[in-house]
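Listed below are the residues making up each chain.
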Amino acid sequence: MEGTTHEGKTFDKVVYPGKPSRNREFEQCTFRNCDFSGSDFSQNRFTDCTFIGCNLAMLKLGSSTLNNVVFRECKLTGVNFGECEEILFTVRFERCLLDYASFARRKMPKTQFIHTSLKGADLSNANLANAVFNDTDLHRAVFNYTNLSGADFSTAFNFEIDPEQNTIKKAKFSSYGLQGLLTKYNLQIV
């Protein structure tokens, strides 16, 4: 990954854990089966990039730009996406492990989480209007003052969302998911 600008490149099986790689630009690049766990990718710019089967656990993304970035089958545990640049922030997650990741105060309407685990993730104060949580595990995910209007939770599971502290107007829930909206009332649903 030498150089500061990379366009249309494929990075395959790069092992670079716990190291810095800062102030670089990646455009239309693909990362396959790479290990960047614990690395510092602060102040990088990723545009139209795809990460496939990568270990990105505890990756630092301070002041980085993620513009139209797709993550497939990646491990992103503990990543703080709230540190990324807000402008142009657009991401998609498919079959990813995002446990304990933070999206606090992140504006990310229409984001898609497909077959993903968000256990213990922090989604406080985020704008997730019209987001899709398709077959996504939200066990102990934190929703506080989160905009979830129009979001699709129809196949999501293990979530607890307080309708009084979050905006859920026109959000979609399945009948078996309604229990996750009533948890705070300590009701017995049979």
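This text follows the structure it describes.
Keep in mind that this is a model prediction, so the values were computed, not measured. (Residues numbered from 1 in each chain as written. Predicted model: local features only at pLDDT ≥ 70, side-chain atom pairs only at ≥ 80, totals over all residues. Heavy atoms only, no water.)

A. View of the packing of aromatic side chains. Tallied over the entire structure, the rule returns 25 aromatic pairs. Taken together, a centroid distance of 5.5 Å and an interplanar angle of 65° make the contact between F26 and F31 edge-to-face. Each member of the pair, F26 as well as F31, carries the same accessibility label: buried. Between F81 and F93, the ring centres sit 5.7 Å apart and the planes meet at 75°, which makes this aromatic pair edge-to-face. Residue F81 is located in the loop between β7 (65–72) and β8 (90–94), and its partner F93 is located in strand β8; the two are separated by 12 residues in the primary sequence. (Phe/Tyr/Trp six-rings, centres within 6.5 Å; stacked < 30°, edge-to-face > 60°. Buried < 20%, exposed > 50% of the residue type's maximum accessible area, 1.4 Å probe, protein only. Helix = DSSP H or I, 4+ residues; strand = E, 2+ residues; numbered from the N terminus.)

B. Main features of the pattern of salt bridges. Under the defined criterion, the tally for this structure stands at 6 salt bridges. Its salt-bridge partner being R22, residue D40 comes within 3.4 Å of it at the nearest N-O pair. A residue pair is termed long-range when its members are at least 10 positions apart, and D40 in the loop between β4 (30–32) and β5 (45–47) and R22 in the loop between β2 (10–12) and β3 (25–27) qualify at 18 residues. Residue classification places R22 among the partly exposed residues on the basis of a relative accessible area of 38%. When the shortest N-O distance is used, the salt bridge between E86 and K107 registers 3.3 Å. Taken as a pair, E86 in the loop between β7 and β8 and K107 in the loop between β8 and β9 (112–114) lie far apart in primary sequence, 21 residues in all. (Salt bridge = Lys/Arg side-chain N within 4 Å of Asp/Glu carboxyl O.)

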